Amino acid sequence: MLKRLLYFLFVDDVLKKDIVLLKKISLFSGLSKRSLIKIALLIFKKKYVQYEKIYEENKEANVLYILKDGQVRLTEKKSSKILESGDFFEEISLIENCTHKHDASALKDSELYLIYRTKLLDLFESDNKIGLEIMKNLASIFAKKL
Amino acid sequence: MTESLKNRLLLLLILAFIATCLFLYLSRAILTPFIVAAFISYLLSPLVVKLESYCLRRWVCVTIIAVVLISALIGLLFILIPLLISEYDKLQESFPQYYEYISNYLIIFKNKLENSLPILKRYDLYNMILIKIKGFVILGTQKIPDYLVNIFSVFSATVLVPMLVLFMLFGANKSINSLISIFPSKHIETILSVVYEIDMVFGRFIRGQLIEASFVGIMSIICLSIIGINFALIIGTIAGIANLIPYLGPFVGLFIALLVGTFQFHTVGIVIKIIVTYAIIQFLDNNFVQPLVVGRNVNLGPVTMVFAMLSGAQIFGFLGIVFAVPVAAIIKTIFIMIVQKYKLMSAPMLNMPKE
C-alpha cells in the first residue's frame, strides 16, 4: 500500500505509458529502457480532430510522426493507406531534408507524437548507441519496403 | 468559416496582441524579476529533463534542484560575502595609495616623453590622463554596490525571483507546448522547427558561455590567490564575467591582474607569473572545457561576430555584447531555414514531369 502510494507520488506515469507505446514500435526495437525514456522526452504531443489535415504534399518534412490513438489516412494521388495506433510515418524525414510525398489527415480524433529531426539527431550525437540502433532499424524498414 | 468572419478574428487577434504589448510596456518597471526568472529557469531546464529521465514526476525533479541549488547558494554566500566585503574595504583603503603610485609613475613617464618629444609640452597630457583615470575608477568603485542593489532589490532577489523560477520550472514547458498547439496544424512543423532551432542555438551557446565563464572565474580566483595577489576574488569575478565577451574578454582579467600585481610587487617576475597563469587557464579552457560544453559551434565568422558585438553594445550595453552572438546565430539559423524552405518548395516545380 505504502509502496503504491510512493509510486503514485514520485513516478511519472505518463512517461511510463509513453515508453510502453514506444517499446512496441519497430523503429525503436532493441533499445534499452533508458534510451526509450530519452526519446520519450523529446516528444511533442498534438491532438487532431476528425478530418483535420496533418500535412500536405510538397510541404517541408522534418518531423517523425507516431500515431498514439486514432486513425490516420495517407493519400498519394489515387492510392491511400490507413494507419492504426502504434504506427509511425514520415520516417524518411529523419534521414534527409525532403518534402512530404503525400497528404495525411486524421480519420478520427487522434493523438500524434511528433519528434523533430534535429532533436533526435542531437540525441544520436550524444548517445551513439541509440543512433546506431535506430539507423539499423530504419535501414531494415526501408529494405523491406523495396 | 466565411472570409469576413476570418478577417474579423484576425483583426481581433492583432488588437489583442497590441494591447498585450502596450500593457507590458506600461508595466515594464516590474518586468525585470520575471525576465530574470525566465532566463534562470531556461538555463536550468536541461537539469530538470535530465532528472525526469529517471521517470520522476516533474515536481520531484524541481524540488530536488531547488533544495540542492538553495543550499549551495546559501553556503556560497556565507563564504563569499565576508570575503567580498573585506576585499571591497581593502580596495577603498588602498586606492589612494595606488593613485599616488600611478601619478608618480606618470610624472616620470611624462618627463621622459616630453624630453624626447618637445611638442607634447603644449598639451597637458599628465593632468588629462590623471583626471580621466580618477573619474573612471572612483565612479566605478563607488557605483558597484549601487549597481547591484538597483538590479535586484533585496525582496525580488531573495523571494520573488526564486519563487518565480520554481513555478516556471514546474509549468513553463506545458504552457509553451499549449502555446505552440494554438497555431493551425498545417504550420506545426514550421513552428516546431523555429522553436527548437532557436532553443538549440541559443541555449547551447548561453549555457556553454556561462560554464566557461565560471570555470575561468574560479580558476582565476584560485590561481591568483596562490600567487598572492590582492583582491583575487574581485579580479577573478571580473575575469569570469568579462570572459562572456568573445575575443576581448580573456584579456580584461589579465590586464587587471597585471595592473594590481605590478602595483603590489613592483617586480617583473610577477608579470611573467600572471601571464603564464592566464595562458594556462586559457589553454585549459580552450582545449578541455570548450569542446565539452559548446559542442557545435555557432558558425559565425569573426567579422560578423565583432560587428554583432559592437552593434549589441551600441544598443543595449554590456548585456548587448553578451547576447549579440547568440542572437546573430539565431538570425542566421532562421535565414538558412527560410532559404532551405524556399529551395525545397521550388525544387518539385522545376522537376515536374510533363503530362
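Residues numbered from 1 in each chain as written. Chains lettered and ligands numbered in written order. Predicted model: local features only at pLDDT ≥ 70, side-chain atom pairs only at ≥ 80, totals over all residues.

1. Some words on the overall build of chain A
Part 1 of the reasoning: In terms of regular secondary structure, chain A is built from five helices and 10 strands.
Part 2 of the reasoning: Across its three principal axes, chain A shows a C-alpha extent of roughly 60 × 35 × 25 Å.
Part 3 of the reasoning: Buried residues in chain A amount to 29% of all 146 residues.
Part 4 of the reasoning: The long-range share in chain A, meaning contacts at least 24 apart out of those at least 6 apart in sequence, stands at 75%. (Helix = DSSP H or I, 4+ residues; strand = E, 2+ residues; numbered from the N terminus. Buried ≥ 20, exposed ≤ 12 C-beta atoms within 10 Å, placed from the backbone. Contact = placed C-beta atoms within 7 Å.)

2. Notes on the nonpolar core
Part 1 of the reasoning: Ile235(B), Ala257(B), Ala324(B) and Val325(B) are the most contacted members of the largest nonpolar core, which totals 33 residues.
Part 2 of the reasoning: Elements that contribute at least two residues to this core include exactly helix 6 (188-227), helix 7 (232-242), helix 8 (249-265), helix 9 (268-293), helix 10 (302-316) and helix 11 (318-350) of chain B.
Part 3 of the reasoning: If sequence neighbours within four positions are ignored, Ile235(B) has contacts with Ser220(B), Leu224(B), Gly253(B), Ile256(B), Ala257(B) and Val260(B).
Part 4 of the reasoning: Grouped together as the second largest cluster of nonpolar side chains are 32 residues, Ile37(A), Leu94(A), Ala106(A) and Ile115(A) included. (Core = buried A, V, L, I, M, F, W, Y, C linked by C-beta atoms within 7 Å.)

3. With respect to helix 6 of chain B
Part 1 of the reasoning: Here helix 6 of chain B contains 40 residues, and its C-alpha end-to-end distance of 57 Å stays within 8% of the 58 Å for a straight helix at 1.5 Å per residue.
Part 2 of the reasoning: Taken from the residues just after helix 6 of chain B, Gly228(B) is the one with a positive phi, measuring 100 degrees. (Expected span 1.5 Å × (residues − 1).)

4. Overview of the interface of chain B and chain A
Part 1 of the reasoning: Taken together, the contacts link 22 residues of chain B with 27 residues of chain A.
Part 2 of the reasoning: Take the side of chain B that touches chain A: its biggest share by element is seven residues, from helix 6 of chain B.
Part 3 of the reasoning: Residue composition of the side of chain B that touches chain A, by class: 10 nonpolar, six polar and six charged. (Nonpolar A, V, L, I, M, F, W, Y, C, P; charged D, E, K, R; others polar.)

5. Structural notes on the environment of Leu22(B)
Part 1 of the reasoning: Counting through the fold element by element, Leu22(B) comes out in helix 1 (residues 3-26).
Part 2 of the reasoning: In the structure, Leu22(B) is positioned 60 residues away from Pro82(B) in sequence and 44 Å away in space, judged by C-alpha atoms.

6. Let's talk about the packing of helix 6 of chain B against helix 7 of chain B
Residue and element names in this part refer to chain B.
Part 1 of the reasoning: Running from N to C, helix 6 and helix 7 cross one another at 155 degrees; their axes reach a closest spacing of 7 Å. Our classification of the angle between helix 6 and helix 7 gives roughly antiparallel. Note on packing geometry: the crossing formed by helix 6 with helix 7 is right-handed. Mapping the contact onto sequence places Ala213, Ser214, Val216, Gly217, Ser220, Ile221, Leu224 and Ser225 in helix 6 and Ala232, Leu233, Ile235, Gly236, Thr237, Ala239, Gly240 and Ile241 in helix 7.
Part 2 of the reasoning: The residue inventory of the contact of helix 6 with helix 7, partitioned by class, reads nine nonpolar, seven polar and no charged. (Axes fitted to C-alpha atoms, helices over the stretch in contact; angles between N-to-C directions. Parallel < 35°, antiparallel > 145°, perpendicular 65-115°, else oblique. Left-handed = near helix turned anticlockwise from the far one by under 90°.)

7. Some thoughts on the confidence of the model for chain B
Part 1 of the reasoning: Chain-level pLDDT for chain B is 81 on average; 88% of the residues reach the 70-or-more range.
Part 2 of the reasoning: Model confidence for the complex: the whole-complex pTM is 0.76, and ipTM, which rates the interface, is 0.84. (pLDDT = per-residue confidence, 0-100.)

8. What about the sheet that holds strand 6 (residues 79-83) of chain A?
For sheets, the rule is that strands pair by backbone hydrogen bonds, running either parallel or antiparallel.
Residue and element names in this part refer to chain A.
Part 1 of the reasoning: Taken together, the four strands give an open sheet; going across it, the order is 2-9-5-6, and neighbouring strands pair in antiparallel fashion. In the strand order of this sheet, the two ends are held by strand 2 (53-55) and strand 6, each with one partner. Taken over all neighbouring pairs, the strand axes of this sheet differ in orientation by 25 degrees on average, direction set aside.
Part 2 of the reasoning: Pairing between strand 5 (residues 72-76) and strand 9 (residues 103-106): four bridges, direction antiparallel. Residue Arg73 lies in a different strand from strand 9, and its bridge partner there is Ser105. (Pairing = 2+ DSSP bridges.)

9. Describing the packing of helix 8 of chain B against helix 9 of chain B
All names here are of chain B.
Part 1 of the reasoning: At their nearest, the axes of helix 8 and helix 9 sit 9 Å apart, and the two run at 155 degrees to each other. One way to sum up the angle between helix 8 and helix 9 is to call them roughly antiparallel. Where helix 8 crosses over helix 9, the two elements pack in a sense that is right-handed. From helix 8, Pro250, Gly253, Leu254, Ala257, Leu258, Gly261, Thr262 and Phe265 reach across to helix 9, where they touch Ile270, Val271, Ile274, Tyr278 and Gln282.
Part 2 of the reasoning: Of the residues contributing to the contact of helix 8 with helix 9, the split by class is nine nonpolar, four polar and no charged.

10. Quick word on the pairing of strand 4 (residues 63-69) of chain A
All names here are of chain A.
Part 1 of the reasoning: In terms of burial, strand 4 is a largely internal element, five of the seven residues being buried.
Part 2 of the reasoning: Relative to strand 10 (residues 110-116), strand 4 runs antiparallel, the two sharing six bridges. Bridging across to strand 10, Asp69 finds its partner in Glu111.
Part 3 of the reasoning: One ladder, built from two bridges, connects strand 4 with strand 7 (residues 88-89); its direction is antiparallel. Bridge assignment links Ile66 to a residue of strand 7, and that residue is Phe88.

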